[in-house]
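# Close look at the chain arrangement
Read off the chains here:
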Amino acid sequence: MAKEKTAKSSEFSNTNEERDIFSWQAPERSLRKRDKDFWITVLSTYFLTSIILIFAKETFLVFAIGAAIFLYYALTTVEPQIIINKITNRGIYFGSIFYDWRDLANFWFGKSGEREALFFETYLRFPRQVSLIIEAKDKDRLKDLVVKKLPLVKQEPTFIDKASKWLMEKLPLEDKKN
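Since the structure is predicted, the reported quantities are computational estimates derived from the model, not experimental observations. (Residues numbered from 1 in each chain as written. Predicted model: local features only at pLDDT ≥ 70, side-chain atom pairs only at ≥ 80, totals over all residues. Heavy atoms only, no water.)

Our next topic: the overall build of the chain. Helix and strand counts for the chain stand at four helices and eight strands. For the chain, the α and β elements follow one another from N to C terminus as β-β-α-α-β-β-β-β-β-β-α-α. In the chain, the proportion of contacts linking residues at least 24 apart, taken out of those at least 6 apart, comes to 58%. Counting every atom, the chain has about 12200 Å² of accessible surface; 58% of that belongs to carbon and sulfur. (Helix = DSSP H or I, 4+ residues; strand = E, 2+ residues; numbered from the N terminus. Contact = heavy atoms within 4.5 Å. Areas by Shrake-Rupley, 256 points an atom, 1.4 Å probe, with all protein chains shown as cover.)

Written out as structure tokens, the structure reads:
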């Protein structure tokens, strides 16, 4: 949903005054709406697991899993806000949050849900990673700009990524739509 984009010719020179190099409007996060069948499957699995955990006297775990399910429900039903992301001569803006180039380690492109995204790894304790939703047509322009300040890395799937992909293939919670 990136709307208006701007790019300025004078790029990273003269950091005394902050200048926008590239800016775009995009949702603050990727959103994937879930259908009724998904939630019926999740809640029935939660209910059956809760019965077993209650008999094992693990009520705290039942509440923790319930809270995690509620958080996921809230994140998949509330529409993300449209924010303005910027690349400047001093760093990047994720909405109104600024990250200096010195706080960023490297970057890569990937998918966030169904959307293209630009990911930054940070040196900060929190957040360790910043993701900006982009449009595919802006990918080359963004790559040319950011590679002047940060190294581009190829992000390999981790063990957790591979395991979750395998689990979702073996135990799907919703029907795949063709």
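After that view, the rundown keeps rolling.
According to the stated counting rule, one finds six salt bridges in the structure shown. Measuring nitrogen to oxygen at the nearest pair gives 3.0 Å for the salt bridge that ties K33 to E79. Of this pair, K33 sits in the loop between β2 (20–27) and α1 (36–55) while E79 is found in the loop between α2 (59–77) and β3 (82–88), placing the two residues 46 residues apart along the sequence. Among the ionic pairs, K139 bridges to E116, the shortest N-O distance being 3.9 Å. Of this pair, K139 sits in helix α3 (residues 139–146) while E116 sits in strand β7 (residues 115–122); the two residues are 23 residues apart in sequence, bridging distant segments of the chain. The network of salt bridges with common partners includes K111, E116 and K139. (Salt bridge = Lys/Arg side-chain N within 4 Å of Asp/Glu carboxyl O.)

Here the focus is the pairing of β7. Along any regular strand the residues' side chains alternate between the sheet's two faces. Across the eight residues that make up β7, a large majority, six, are buried. Between strand β6 (residues 104–112) and β7, which pair antiparallel one after the other, the connecting turn spans two residues, and G113 there sits at a positive phi close to 70 degrees. Examined bridge by bridge, β7 and strand β8 (residues 129–134) share six bridges and lie antiparallel to one another. By the bridge assignment, F119 is partnered in β8 with S131. (Buried < 20%, exposed > 50% of the residue type's maximum accessible area, 1.4 Å probe, protein only. Pairing = 2+ DSSP bridges.)

Burial of β2 is extensive: six of the eight residues sit out of reach of the surface. Pairing between β2 and β3: seven bridges, direction antiparallel. Directly across from P27, in β3, lies its bridge partner I82.

Right, let's get into the nonpolar core. Judged by nonpolar contacts, the single largest core of 26 residues is most densely connected at W24, I87, I92, L118, F120, L132 and L142. Elements with a contribution of two residues or more to this core: β2, β3, β4 (91–94), β6, β7, β8 and α3. (Core = buried A, V, L, I, M, F, W, Y, C linked by side-chain atoms within 4.5 Å.)

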